[in-house]
Amino acid sequence: LILAGLYFYKRLPSISVREAIVIAFSLLFFIFSAKFLIPNRTILPYIFPLAGLSFALSTLFGLEASLFLTILSASLITYGMPVSSNLLLFYIISSISGTLILGQGRRISVFFAAGLLTGVAGVLIILATRILEGNTDWIGIITLAGSSLINGLASASIGLLLQYVFSQLLGVTTAIQLLEIARPDHPLLQYILTNAPGSYQHSLHVANLAEQAAKEIGADQLLTRVGAIYHDAGKASNSSFFIENQIADNLNSHDDLDPYTSAATVISHVLEGVELAKKYHLPRRIQDFIREHHGTL
């Protein structure tokens, strides 16, 4: 507990109370589940999907946090068990192997690739430890190897599930969510394209520029790009009031309005964009791009 506290204090000082509580309960759940399920079992320890927690933590809090918490939880889970050293190696190396390939987890397929590598790494650890011990029970070794592969598949599935649950609880936007809402066939993007094609093209240009700027300063490129794509969504509600949607030589919608009404109509595209984002269930991080893109007032 002291070690975990020091880590969060020194390495994750910006973590919120809610995030700390979610991490703590997740770790405790996995540790107590393992302590309840694993003792006096031969095969179940090698199926227990600790790597699933590592995957979820990595995509939401970063690789370093995931590795630290995986080592901590694996140490507590295996403490006092008959083959604790073998299991500790199994959990740590298999989990780390999968987490390293996972990255931000931008595709569901990447989760299952990480799960496969987790299973294969576990198989290699089982072979290495059993052979070094002089164990030639090949039926037993093959059974444990199969359990390790099941572990990898289960870890990928649990990692995906936990990532979704954590993101909903914490209001965090995952890479998979961002890629999903960035698809051109998303209903809100289709609405913007149909009603405000000029604003749609403008937003794509802004997204390209913003993505390159984010790359230069080490910001989240994907989040920046998707936020920029949606930043002017509110213009689709009154598209003719914005110059990029006006047709040359046609009557300007502002010509028949007094300046105050005209200005209020232009300014209102921010709040109208937020309402559209809520209607189409965009993540809160994307709503913030819409709400803040003209400042805070």
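Preceding block: the structure.
Participant: Honestly, helix α12 (residues 221-230) in this entry has me stumped. Any pointers?
Facilitator: For an α-helix, the turn length of 3.6 residues means that residues three or four places apart are oriented alike. Counting buried positions along α12 yields eight of 10 residues, so the element is predominantly enclosed. Listed as buried for α12 are L222, L223, T224, V226, G227, A228, I229 and Y230. As for α12, its buried residues are in contact with α9 (175-181), α10 (187-195), α11 (197-217) and α15 (284-292). The backbone nitrogen of L222 has a side-chain oxygen 3.2 Å away, supplied by the residue at the start of α12, namely D220.

Participant: How do you make sense of the layout of surface pockets when you look at a structure like this?
Facilitator: One way to see where empty space is left: roll a probe the size of a water molecule over the atoms. The space that makes up the largest pocket amounts to roughly 300 Å³. Around the largest pocket sit L1, A4, G5, F8, A20, I23, A24, L27, L28, I31, L72 and L76, which together line it. Contributing elements (two or more residues each) for the lining of the largest pocket: α1 (2-11), α2 (17-37) and α5 (63-78). Classifying every residue of the lining of the largest pocket by side-chain character gives 11 nonpolar, one polar and no charged. In this structure, the second largest pocket occupies an estimated 250 Å³ of space. Lining the second largest pocket are 13 residues, and of these T59, V172, T173, D220 and R285 lie nearest its centre. Split by residue class, the lining of the second largest pocket holds six nonpolar, five polar and two charged.

Participant: What should I look at first to understand the nonpolar core in this one?
Facilitator: The tendency in soluble globular proteins is for nonpolar side chains to be buried as a group. Ranked by size, the top nonpolar core spans 37 residues in total, and within it I23, F48, I77 and Y91 carry the most contacts. Going through the elements one at a time, α1, α2, α4 (50-61), α5, α6 (84-102), α7 (108-132) and α8 (138-170) are the ones with two or more residues in this core. Aside from chain neighbours lying at most four places away, what touches Y91 is I38, P45, F48, L50, A74, I77 and T78. L178, I181, I192 and A210 belong to the second-largest nonpolar core, a separate cluster that totals 24 residues.

Participant: Just checking my understanding: could you explain the packing of aromatic side chains for this structure?
Facilitator: As enumerated under the stated definition, the model contains six aromatic pairs in all. Plain terms: the ring middles of F30 and F48 are 6.0 Å apart, the flat faces sit at 75° to each other, and that makes the pair edge-to-face. With F30 in helix α2 and F48 in the loop between α3 (44-47) and α4, this residue pair connects regions lying 18 residues apart in the sequence. Accessibility expressed as a relative area gives 7% for F30, which makes it buried. When its relative accessible area of 7% is taken as the criterion, F48 is described as buried. Taken together, the ring pairs connect Y7, F8 and F68 into an aromatic cluster.

Participant: How should I be thinking about the environment of I141 in this particular structure?
Facilitator: Along the chain, I141 falls in helix α8. Residue classification places I141 among the buried positions, given a relative accessible area of 3%. Distance in space between the C-alpha atoms of I141 and S97 is 21 Å, their sequence separation being 44 residues. Those residues in contact with I141, other than ones at most four positions away along the chain, are I126, L127, R130 and N135.

Rules used in this analysis
- Residues numbered from 1 in each chain as written.
- Predicted model: local features only at pLDDT ≥ 70, side-chain atom pairs only at ≥ 80, totals over all residues.
- Heavy atoms only, no water.
- Buried < 20%, exposed > 50% of the residue type's maximum accessible area, 1.4 Å probe, protein only.
- Helix = DSSP H or I, 4+ residues; strand = E, 2+ residues; numbered from the N terminus.
- Contact = heavy atoms within 4.5 Å.
- Polar contact = N/O pair within 3.5 Å; in protein donor to acceptor, adjacent residues only side chain to side chain.
- 1 Å grid on protein atoms, 1.4 Å probe; cavity = no way out; pocket = protein on both sides within 12 Å on 5 of 7 lines; lining within 4 Å.
- Points joined across faces, edges and corners; volume = space filled by probe spheres on them.
- Nonpolar A, V, L, I, M, F, W, Y, C, P; charged D, E, K, R; others polar.
- Core = buried A, V, L, I, M, F, W, Y, C linked by side-chain atoms within 4.5 Å.
- Phe/Tyr/Trp six-rings, centres within 6.5 Å; stacked < 30°, edge-to-face > 60°.

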